[in-house]
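This is what each chain is made of:
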Amino acid sequence: RKDIGRITTGSKALDELIGGGIETQAITEVFGEYGSGKSQLAHELVVTVQLPEDRGGLNGEAVFIDTENTFRPERVEQIANAFELNIEEVMERIYIARAFNSSHQILMAEKVNELIQEGKDIRLVIVDSLTSHFRAEYVGRESLATRQQKLNQHLHTLQNIANTYNAAIFVTNQVQARPDAFFGSPTKAIGGHVLGHAATYRIWLKKGLAGKRIARLVDSPHLPEGECVFKITNDGIVD
Ligand code: ADP
């Protein structure tokens, strides 16, 4: 088994909260309301995964499965500039896949295997958003079981990629800002973990004062719960 790798979020405080950065061989779910910073973190990570290890990266490439047209190359450019990276080179190492519906999204995740077998050094797979298509397509109580089953299949594909290629998986999940948000997770089933032994980190993002963001680690295989504060700036995610 290969050593677990870590990708910096750009914020030291957030990295520390989650044990040193986003982990490979694991799925990290970030959830929170609209505008809480989920996509911003995704944009940061597709850049930082490319950094050398001594700068918090894995010298790797990234796949961005985009379900809601949230990918912004100009945002990647700002972040790449902040790290003094060449923007053309950075963009060449990000594979963008637009997913038009949930079955397409599932297929796109499966295709990551082919990309890697073609020789691409994918160390990070983003799914932004993991849940939106599933929620839109499987509406009502009677389709809840099917929705959960399809999501589980998708998460299983992603976990396999994580394990097989020592890659990090980062998924976003929009939830309403209400107390039962904790139960809105796709990676948890009623009564326990859907993913069984899969290492899954869950980070709850909230808006704070003066443009700050609060991240709360709510579920981790071996880390305590905790919170930290970070900022979103033109340079990306910072302390
Ligand atoms: P979501 O959680 O819905 O994916 P986003 O990650 O898209 O939310 O976050 C959008 C928010 O990020 C904006 O509302 C803004 O507050 C902040 N943001 C985006 N770009 C910048 C920037 N260059 N400087 C400061 N804040 C920014």
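One structure accompanies this document, and this report is about it. Remember, it's a predicted structure, so these values are computed and weren't measured experimentally.

Attention now goes to the overall build of the chain. Within the chain, the regular secondary structure consists of seven helices and 13 strands. In summary, the chain has a C-alpha radius of gyration of 16 Å against a globular reference of 18 Å for 239 residues, a match within 12%. Summarising its shape, the C-alpha atoms of the chain cover approximately 50 × 45 × 35 Å along the three principal directions. Going through the 239 residues of the chain one by one, you find that 53% of them count as buried. Counting contacts in the chain only where the partners sit at least 6 residues apart, residues at least 24 apart contribute 67% of the total. Of the charged side chains in the chain, 26 are positive and 31 negative, and the gap between their average positions amounts to 6 Å.

Turning to the site of the ligand, a few remarks are in order. Around the ligand, 13 residues are found, and the nearest of them are Gly35, Lys38, Ser39, Gln40 and Asn234. Arg213 is positioned such that a nitrogen or oxygen atom in its side chain is 3.0 Å from an oxygen atom of the ligand. Contacts to the ligand include Asn234, whose side-chain N or O atom sits 2.9 Å from a nitrogen atom. About the coverage of the ligand: the protein hides 66% of its 570 Å² of free accessible area. Among the secondary structure elements, those contributing two or more residues to the shell around the ligand are α2 (38-48) and β12 (226-233). With three residues, α2 is the single largest residue contributor to the shell around the ligand. Its residues placed into classes, the shell around the ligand shows two nonpolar, seven polar and four charged.

On to the packing of aromatic side chains, then. Overall, the coordinates contain two aromatic pairs when judged by the stated rule. Considering the side-chain rings of Phe31 and Trp204, the 6.1 Å spacing of their centres and the 5° angle between planes classify their relative orientation as stacked. In this pair, Phe31 sits in strand β3 (residues 26-32) while Trp204 sits in strand β10 (residues 200-207), placing the two residues 173 residues apart along the sequence. Across the pair, Trp204 and Phe31 agree in class, each one buried. Ring centres 4.9 Å apart and planes at 65° place the aromatic pair Phe64 and Phe71 in the edge-to-face group. Grouping residues by exposure puts Phe64 and Phe71 together as buried.

Moving on, we come to the sheet that holds strand β4 (residues 61-66). Pairing in this open sheet of nine strands is mixed, and the strands run β5-β4-β6-β7-β3-β10-β11-β12-β13 from one edge to the other. Of all the strands in the sheet, the pair left with one neighbour each is β5 (94-98) and β13 (236-238). Within the sheet, the average angular offset between the axes of one strand and its neighbour, ignoring direction, is 25°. Inspection of the sheet shows β4 paired to β5 by five bridges, in the parallel sense. Of the residues in β5, the one forming a bridge with Ile65 is Ala97. Against the sheet, helix α7 (residues 144-165) contacts β3, β6 (122-128) and β7 (168-174), and its axis sits at roughly 160° relative to β6.

Per the stated rule, a full pass over the model turns up seven salt bridges. Between Glu29 and Arg202 there is a salt bridge, with the nearest N and O atoms lying 3.3 Å from each other. With Glu29 in strand β3 and Arg202 in strand β10, this residue pair connects regions lying 173 residues apart in the sequence. Of the residues examined, Glu29 reaches a relative accessible area of 0% and is grouped as buried. Residue Arg202 is classed as buried on the basis of its relative accessible area, which comes to 3%. Among the salt bridges present, the one from Glu227 reaches Arg216, with a minimum N-O distance of 3.2 Å. Of this pair, Glu227 sits in strand β12 while Arg216 is found in strand β11 (residues 212-219), placing the two residues 11 residues apart along the sequence. Among the ionic contacts, a cluster of salt bridges with common partners joins Lys206, Arg216, Glu225 and Glu227.

Conventions and cut-offs
Residues numbered from 1 in each chain as written. Predicted model: local features only at pLDDT ≥ 70, side-chain atom pairs only at ≥ 80, totals over all residues. Heavy atoms only, no water. Helix = DSSP H or I, 4+ residues; strand = E, 2+ residues; numbered from the N terminus. Rg over C-alpha atoms; globule rule 2.2 N^0.38 Å. Buried < 20%, exposed > 50% of the residue type's maximum accessible area, 1.4 Å probe, protein only. Contact = heavy atoms within 4.5 Å. Lys, Arg positive; Asp, Glu negative; His and termini not counted. Charge placed at Lys NZ, Arg CZ, Asp CG, Glu CD. Near = heavy atom within 4 Å. Polar contact = N/O pair within 3.5 Å; in protein donor to acceptor, adjacent residues only side chain to side chain. Areas by Shrake-Rupley, 256 points an atom, 1.4 Å probe, with all protein chains shown as cover. Nonpolar A, V, L, I, M, F, W, Y, C, P; charged D, E, K, R; others polar. Phe/Tyr/Trp six-rings, centres within 6.5 Å; stacked < 30°, edge-to-face > 60°. Pairing = 2+ DSSP bridges. Axes fitted to C-alpha atoms, helices over the stretch in contact; angles between N-to-C directions. Salt bridge = Lys/Arg side-chain N within 4 Å of Asp/Glu carboxyl O.

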